[in-house]
Amino acid sequence: MIDHFRARWFGEDERALGRSADALMNSPGRAQGRVADWSLCRMAAVLQRGARRPLDIAPVGTAQLTANERSLLAILDALSEGDDALAARHAEWLVAPSSLRAFLSATAPLADIYPKLSSAA
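Residues numbered from 1 in each chain as written. Predicted model: local features only at pLDDT ≥ 70, side-chain atom pairs only at ≥ 80, totals over all residues. Heavy atoms only, no water.

S.K.: How would you sum up the packing of helix 1 (residues 2-9) against helix 3 (residues 30-50)? Please name residues and give values.
M.R.: The contact between helix 1 and helix 3 brings their axes to 9 Å, and the two run at 55°. Between helix 1 and helix 3, the interaxial angle falls into the category oblique. In this structure, helix 1 crosses over helix 3, and the sense of that crossing is right-handed. Along the contact surface, helix 1 presents H4, F5, R8 and W9, while helix 3 presents D37, L40, C41, M43, A44, L47 and Q48. When grouped by side-chain class, the residues that make up the contact of helix 1 with helix 3 number seven nonpolar, two polar and two charged. (Axes fitted to C-alpha atoms, helices over the stretch in contact; angles between N-to-C directions. Helix = DSSP H or I, 4+ residues; strand = E, 2+ residues; numbered from the N terminus. Parallel < 35°, antiparallel > 145°, perpendicular 65-115°, else oblique. Left-handed = near helix turned anticlockwise from the far one by under 90°. Contact = heavy atoms within 4.5 Å. Nonpolar A, V, L, I, M, F, W, Y, C, P; charged D, E, K, R; others polar.)

Printed below as a string of structure tokens:
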């Protein structure tokens, strides 16, 4: 999941974006892959405008996770478990209060898709 997010964060690498979009169409599937792509793009856009501080996002393909990326995964874990309050608390660490609702709205569609992507990895 993080490499898919990284590809959108660093959107200027068209090859990485293309590989990510193709991978999402294969798993979890065409319809959910489109939703995931759209959601990841929105997440990145909201974070680029509304993050509390400059975020540390590693390049595509990097094995190590940054603290910010671990927070993103914690948010996705909470959403996939149906714990919206926990997801919001994790998101407050990353996102300014004025962008919190937009960020959670952008991330919510991944709640059902994220576990499928995690198990396929």
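The structure having been displayed, the exposition proceeds.
S.K.: Which residues make up the side chain of R8, and what are the values?
M.R.: For R8, the position within the fold is in helix 1. In this structure the side chain of R8 is engaged in a polar contact, spanning 2.5 Å, whose partner is the side chain of S20. Ignoring sequence-local partners within four residues, the contact set of R8 consists of L17, S20, A21, L24, D37, L40, C41 and A44. (Polar contact = N/O pair within 3.5 Å; in protein donor to acceptor, adjacent residues only side chain to side chain.)

S.K.: Account for the environment of R101, with residues named and values stated.
M.R.: Tracing the chain through its elements places R101 in helix 6 (residues 100-107). A C-alpha to C-alpha distance of 20 Å links R101 and Y114, two positions 13 residues apart in sequence.

S.K.: Report on the side chain of E69, specifying residues and quantitative values.
M.R.: Inspection of the secondary structure puts E69 in helix 4 (residues 67-80). The exposure class assigned to E69 is buried, which follows from its relative accessible area of 0%. For E69, the side chain forms a polar contact with the side chain of R6, separated by 2.7 Å. (Buried < 20%, exposed > 50% of the residue type's maximum accessible area, 1.4 Å probe, protein only.)

S.K.: Hey, could you go over the nonpolar core for me, with residue numbers and the actual values?
M.R.: If you look at the biggest cluster of nonpolar residues, it comprises 33 residues, and the most contacted ones within it are F5, M43, L47, L72 and F103. Counting only elements with at least two residues in this core, the list comes to helix 1, helix 3, helix 4, helix 5 (84-94), helix 6 and helix 7 (114-120). Discounting residues that sit within four places of it in the chain, F5 has contacts with L40, M43, A44, L47, I57 and L72. (Core = buried A, V, L, I, M, F, W, Y, C linked by side-chain atoms within 4.5 Å.)

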